[in-house]
Structure formats: structure tokens, C-alpha cells
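These are the residues of each chain, in order.
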Amino acid sequence: MSHAAAQGDGTVTSHEKIFTGERRAQLEALFAKYPTRQACLLPALWMVQEARGWISEPAMAEVGEVLGVTPAFVRGVVTFYTMYHTHPVGRHFIQVCTTSPCGLCGAEETMQAILRESGCGELGATSPDGRFTAIEVECLGACGFATPILVDDDFIEGVTPERVPGILAAYK
Ligand code: FES
């Protein structure tokens, strides 16, 4: 079942319900394991992202409705974490640490090599072939191994501009 929903900018989009059928049953099973429905927010958001690839405003509203919290609360959580996408992204999502310690060790050059070699061109953009989206993030907790990057769930340390083509080639 779908219904029209107004985005924050006033645009009306069609939203196909996410938590129906088997996915709803999976969510109900999660409710049994957590003290409150609200506590299921992070896994519920993962379910949305796995189903749709990103989390739209109507999807945030649906999550809020199902969990009994406001869409604004859901949005606050979604926008706090860089692993949740608020717009469509490429098949592979690249996160690059550019915080000062890594910056001093060449993170900016690595970032530029990633943007160039992936075809993304600029931060947050998706390559024309739909393979990659790249963003910069704060400290990834591997400051001694600059530059660390995350490609999807793969944590890769010591990335230099020279290594970028070989690393990206592994992601089709
Ligand atoms: S500053 Fe880059 S991993 Fe900590």
C-alpha cells in the first residue's frame, strides 16, 4: 500500500510502506527482545536501509509511526550517524577520515584520489556508473594508520593515493 507524503521542502512523493508482511513480522520479533519499541530504532532504520538503500523523509515518518516516536526524533538519529543515508547512494559507500591527524598525513590527497578514481568528482556525489558514493568523516579510531577508509563494511588502513585504484577495483 502506498500513500502520498509531503517532504520537508513541500514536495509530495509516493511512499510504499516498508513494514508490511515478513518485514513487519521481523520487526515485531525485535520488539520482544527490547525493553521498549523506541529502543528498536537503530535496527529498524537498518531494515529500512537494507530494503530501500536509503532513508527518505516518508520512511522516517513510517518508522516514527511504528515505533511511537516523532518523525523529528527519527530524523535526529538518522542525521547523527554517517552510516545512514538520507539520499540515494552508489552500490559502495566510501567513508574517508580527514580529521587533523590523518589530514597531516595526507588524507586530503587520498580523498582527492578517491573522488577522481571513483568518478564521484565531489564529496557526497555518486559516480555516473552508480558504483560509488564517497564522503569524508571524523576520526575512525585508527589515527596511527592514516589514512583509514571504510568501503561498505570493510575497514582499510594506510590508504595512499597510489593504493586507491587497486582498492576500488575490488568493488564492482
Ligand atoms: S584522525 Fe583519522 S582515524 Fe583518527
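Calculation notes
The written sequence of each chain sets the order in which its residues are numbered from 1. Where local features are concerned, this predicted model is filtered to residues with pLDDT of at least 70; where side-chain atom pairs are given and counted, the filter is 80 or more; whole-chain, interface and lining totals use all residues. The basis for the side-chain values is all heavy atoms of the structure; hydrogens and waters are excluded. Here a helix means four or more residues in a row that DSSP labels H or I, a strand means two or more in a row labelled E, and each is numbered from the N terminus. Here the expected length of a helix is defined as 1.5 Å per residue gap, with one fewer gap than residues. Accessible area is worked out with a 1.4 Å probe on protein chains only. A residue is then buried under 20% of its type maximum, exposed over 50%, and partly exposed in between. Contacts were defined at the residue level, with two residues in contact if any of their heavy atoms lie within 4.5 Å. The pLDDT value tells you how sure the predictor is about a given residue, anywhere from 0 up to 100. DSSP bridges decide pairing: two strands pair if at least two such bridges lie between them. Angles run from 0 to 180 degrees between N-to-C directions of axes, and those axes are lines fitted to C-alpha atoms, restricted for helices to the stretch in contact.

Things to note about helix α6 (residues 107–118)
Between its terminal C-alpha atoms α6 stretches 16 Å, which fits the 16 Å expected from 12 residues at 1.5 Å a residue. Taken together, the buried positions of α6 are occupied by A107, T110, M111, A113, I114, L115 and S118. Each element contacted by the buried residues of α6 is listed here: β3 (92–97), α5 (100–104), β4 (132–137), β5 (149–151) and α7 (164–169). Phi for G119, located one or two positions after α6, is positive at around 90°.

With respect to the confidence of the model for the protein chain
Summary statistics for the protein chain give a mean pLDDT of 91 and a share of 92% for residues scoring 70 or more. Strand β1 (residues 2–6) is the least confidently modelled element of the protein chain, averaging 43 in pLDDT, while α7 averages 98, the highest of any element. Here residues 1–12 scores under 50 on pLDDT; set against residues more than four positions off or in separate chains, the count is 22 contacts.

As for the sheet that holds β3
One open sheet accounts for 4 strands, arranged β4-β3-β5-β6; its pairing is mixed. Unpaired on one side and paired on the other, β4 and β6 (154–156) mark the two borders of the sheet. Mean inter-strand twist for the sheet, computed between neighbouring axes without regard to direction, equals 20°. Across 3 bridges, β3 lies against β5 in antiparallel orientation. Within the sheet, the bridge partner assigned to I94 lies in β5 and is V151.

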